Amino acid sequence: ADSFFLGDTAGREVLLSVTGKKAIPESYDDIVPEKTGCDCDSIAHPYFKLVSGGRYGMYNPLTGAFAAPGYDDLDNFMFGLPLPHCVKIKQGGLTGVLDIHTAHLVMAPLFHSIATEGLPPGMMIVGNDGKYGLYDYAAKKLLVPLAYDHISVPGGGRVLIARKGEKKGLIDYSGNVICPI
């Protein structure tokens, strides 16, 4: 993303190429250089966060992928190794996943919370209204229903620890109960 610079036109920001031409046709309230992951993440991918009227979108100068500002939020710190080229988006209080290489939704905004840490590729712990389950975003299918107060991945990650109230049990990635709660 170092071959671009920001310009200002009538109080709105534009993204310009080194030749001085607009890289994307619109102007925005703010254009923020970002990258997926964090500073400690060696597989971070650069993109520009676009802000207009309190809505968020993105532009990836490496692939040309563009998502017009239409999301309530766009958060770059999320996935690390499972989805290094994705960002978390929010729409109407629900969270989804956007691929910054293609600007396509990996997962539409369906849940209040999502997490991938410690899980096999394709899986997310998801939550709505304080209840959690397991979602396969590749198959677009809820594997474990939103029936648990908490779900975590112990070291080794072969099973999930599920909690209902003060009781804990073990479930597998298909939702089968291994050790009853």
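These lines cover the structure that appears in this document, whether it is placed above or below. Each chain has its residues counted from 1, running along the sequence as written. Totals for whole chains, interfaces and linings use every residue, but because this is a predicted model, local features are given only for residues with pLDDT of at least 70 and side-chain atom pairs only at 80 or more, for both listing and counting. Heavy atoms from the whole structure form the basis of all side-chain values; hydrogens and water molecules are not counted.

### Considering the overall build of the protein
Phase 1: Each helix and strand counted, the protein has zero helices and 18 strands in total.
Phase 2: With respect to the principal axes defined by its C-alpha atoms, the protein has extents near 65 × 30 × 25 Å.
Phase 3: Summary of the burial criterion: residues with accessible area below 20% of their type's maximum are buried, those above 50% are exposed, and those between are partly exposed, where the area comes from a 1.4 Å probe applied to protein chains only. In the protein, buried positions account for 40% of the 181 residues.
Phase 4: Only the protein chains shown count as cover for residues, and all accessible areas are computed by the Shrake-Rupley method using a 1.4 Å probe. Split by element, the accessible area of the protein, about 9100 Å² in all, is 55% carbon and sulfur.
Phase 5: Across the protein, the centroid of the 16 positively charged side chains sits 8 Å from that of the 19 negatively charged ones. Here a helix means four or more residues in a row that DSSP labels H or I, a strand means two or more in a row labelled E, and each is numbered from the N terminus. His residues and chain termini do not enter the charge count, which takes Lys and Arg as positive and Asp and Glu as negative. Every charge is mapped to an atom, namely NZ of Lys, CZ of Arg, CG of Asp or CD of Glu.

### Things to note about the sheet that holds strand β14 (residues 141–148)
Backbone hydrogen bonds are what pair the strands of a sheet, in a parallel or an antiparallel way.
Phase 1: In this scheme, strands are said to pair when DSSP sees at least two bridges between them. The sheet built from four strands is open, its strands ordered β11-β12-β13-β14 with antiparallel pairing. Two strands bound the open sheet, and with one partner strand each, they are β11 (113–115) and β14. Recorded for the sheet is a direction-independent mean angle of 20° between the axes of neighbouring strands.
Phase 2: Where strand β12 (residues 123–128) lies against strand β13 (residues 131–136), six bridges are found, and the strand directions are antiparallel. Across the sheet, residue G127 finds its bridge partner in β13, namely Y132. Note on geometry: axes are C-alpha line fits, over the in-contact stretch for helices, and angles between N-to-C directions span 0 to 180 degrees.

### Some remarks on the pattern of salt bridges
Phase 1: Each salt bridge in this description consists of a side-chain nitrogen of Lys or Arg and a carboxyl oxygen of Asp or Glu lying within 4 Å of one another. Counted by the stated rule, this structure contains five salt bridges.
Phase 2: Across the salt bridge formed by D72 and R55, the nearest N and O atoms sit 2.2 Å from each other. In this pair, D72 sits in the loop between β6 (66–71) and β7 (73–75) while R55 sits in strand β5 (residues 55–59), placing the two residues 17 residues apart along the sequence.
Phase 3: Accessibility expressed as a relative area gives 27% for R55, which makes it partly exposed.

### Focus: unusual backbone geometry
Phase 1: Positive phi, normally seen in glycine, also occurs at A103, with a value near 65°.
Phase 2: Looking at where A103 falls in the secondary structure, it is placed in the loop between β9 (94–99) and β10 (105–111).
Phase 3: Under the relative-accessibility criterion, A103 is labelled buried at 17%.
Phase 4: Residue D129 is not a glycine yet carries a positive backbone phi of 50°.
Phase 5: Relative to the helices and strands, D129 resides in the loop between β12 and β13.

### Here we look at the packing of aromatic side chains
Phase 1: Note on ring pairs: Phe, Tyr and Trp rings are taken, using the six-membered ring of Trp, and paired if centres are within 6.5 Å. Classes follow the plane angle, with under 30 degrees stacked, over 60 edge-to-face and the rest tilted. Scanning all chains against the criterion turns up one aromatic pair.
Phase 2: Ring centres 5.3 Å apart and planes at 65° place the aromatic pair F111 and Y135 in the edge-to-face group. Within this pair, whereas F111 is found in strand β10, its partner Y135 is found in strand β13, the two being separated by 24 residues in sequence. Y135 matches F111 in its accessibility class, with the two residues each being buried.
Phase 3: Here K164 stacks its cationic end above the ring of Y148, 5.1 Å away from the centre of that ring. Two thresholds decide whether a charge sits over a ring: the Lys NZ or Arg CZ must be within 6 Å of the ring centre and within 35 degrees of the ring normal.

### Some points on the environment of I161
Phase 1: Its place among the elements puts I161 in strand β16 (residues 160–164).
Phase 2: I161 sits 142 residues away from T19 along the chain, and the two C-alpha atoms are 55 Å apart.
Phase 3: In this view, I161 contacts H150, I151, S152, P154, K168, G169 and L170; residues no more than four positions away in its chain are not counted. Contacts between residues were defined by any pair of non-hydrogen atoms, one from each residue, lying within 4.5 Å.

### Description of the sheet that holds strand β3 (residues 30–35)
Phase 1: Strand order in the open sheet formed by four strands is β3-β4-β5-β6, and the pairing between neighbours is antiparallel. Of all strands in the sheet, those bounded by a partner on one side alone are β3 and β6. For this sheet, the mean angle separating the axes of adjacent strands, direction not counted, is 25°.

Keep in mind that these numbers describe shape and distance, not what the molecule does.
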